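If you want the building blocks of each chain, they are given just below.
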Amino acid sequence: MFADHQEYDVVVKAVASVGAVVDIEGHDGFIDQVKHPSWWSDAPRAAVGDRMRVAVLDASRTPPRLSALPGDIRTARSLRHTEPLARLCPPPAVGGRTVEWAAVEEALGTALPADYRRLVQMYGGGLFAGTIRLLEPGCPDEMYDLVAQAAEREEILAELWSAGEAKPSELQQDNVRLVPWGYVEGSGHFLYWLVRPGLEPEEWTVLLNEGRGPLWEAHPALCSRFLLDVVAGTSRSIYFTDLDDITDPQDRSRFVPNFEIFSR
């Protein structure tokens, strides 16, 4: 009925010293006291009638164990699509990266989504399904380096818009910016996060800009969900609906790490 890493809005039904029982879509769920923000901060303790957002930690238990901690919810979002992606497209035995994320985020001027950090930890940079190159921090080739491409693409897009190319409607809001996370081999398409004020990184939209034209696509999804849909053949992007026409079918469920590509 419930699945690990899913999110729900719940209402507190009863409170005890060990935690709170909540209503989760007509069923009981349990939030241990250490999985409520009041255990770690000055937030008010749980009270009957409180409404909150939770993530499922363990759906196999009765009642299912939940967490209302923002960190656990972000982690759940990072796992929700990376785990099925790893089943369809296994990570390399050697190839994941350990990254000093604080330094990377300082260089970019923004926090990064938990699912992207998880992808880099599992896979490192490289090529999914023979077509999408995941940018990574510290890549020896600046074309596929996250920080280098963020600076380069910002400059290139600014020049295009100064020359009269129309901005997509998503960029008409003040103080929005684009940060690239992926590159589509053979086409020049770039995949961006749409970074908007007041939104958590896990709420960002993916924007695809075609490499040889002015068209943009918006996808209200995490980058891990976008990749999962491409690999699974369920993408709604017009550029990936016929993936077998643009990539070798045997590459559909294969990830090739950068170190293997660079050594060819």
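Relevant structure appears above.
Residues numbered from 1 in each chain as written. Predicted model: local features only at pLDDT ≥ 70, side-chain atom pairs only at ≥ 80, totals over all residues. Heavy atoms only, no water.

Quick one: what's the story with the overall build of the protein, residue by residue and with numbers?
For the protein, the count of helices and strands is six helices and 12 strands. In summary, the protein has a C-alpha radius of gyration of 20 Å against a globular reference of 18 Å for 264 residues, a match within 12%. Dimensions of the protein along its principal axes, counting C-alpha atoms only, are 60 × 45 × 35 Å. Burial analysis of the protein (264 residues in total) assigns 48% to the buried set. Counted over contacts in the protein with a minimum sequence separation of 6, partners at least 24 positions apart contribute 55%. Per element, the accessible surface of the protein, about 13200 Å² overall, is 49% carbon and sulfur. Placing the 25 positive and 40 negative side-chain charges of the protein at their respective mean positions leaves the two points 5 Å apart. (Helix = DSSP H or I, 4+ residues; strand = E, 2+ residues; numbered from the N terminus. Rg over C-alpha atoms; globule rule 2.2 N^0.38 Å. Buried < 20%, exposed > 50% of the residue type's maximum accessible area, 1.4 Å probe, protein only. Contact = heavy atoms within 4.5 Å. Areas by Shrake-Rupley, 256 points an atom, 1.4 Å probe, with all protein chains shown as cover. Lys, Arg positive; Asp, Glu negative; His and termini not counted. Charge placed at Lys NZ, Arg CZ, Asp CG, Glu CD.)

Lay out the pairing of strand E8 (residues 177–184) in plain terms, naming residues and giving numbers.
When you tally the buried positions in E8, you get seven out of eight residues, the bulk of the element. Note that strand E7 (residues 132–134) and E8 share three bridges and pair antiparallel. Paired with Leu-134 across the strands is Gly-182, a residue of E8. As defined by bridge partners, E8 adjoins strand E9 (residues 190–195) across six bridges and the pair is classed as antiparallel. (Pairing = 2+ DSSP bridges.)

Can you tell me about the pattern of salt bridges, naming the residues and giving the values?
What the rule picks out here adds up to 12 salt bridges. Of the charged contacts in the structure, one is a salt bridge between Glu-7 and Arg-77, with a shortest N-O distance of 2.5 Å. Of this pair, Glu-7 sits in strand E1 (residues 7–16) while Arg-77 sits in helix H1 (residues 70–88), placing them 70 residues apart in sequence. Here Glu-105 makes a salt bridge to Arg-117, at a shortest N to O gap of 3.6 Å. With Glu-105 in helix H2 (residues 101–108) and Arg-117 in helix H3 (residues 114–123), the pair connects residues that are 12 residues apart, well separated along the chain. (Salt bridge = Lys/Arg side-chain N within 4 Å of Asp/Glu carboxyl O.)

Account for the environment of Val-11, with residues named and values stated.
Inspection of the secondary structure puts Val-11 in strand E1. Along the sequence, Val-11 and Arg-51 sit 40 residues apart, while their C-alpha atoms lie 4.5 Å from each other. Setting aside anything within four residues of it in sequence, one finds Val-11 in contact with Val-21, Val-22, Asp-23, Gly-49, Asp-50 and Arg-51.

By themselves, these figures tell us nothing about what the structure is for.
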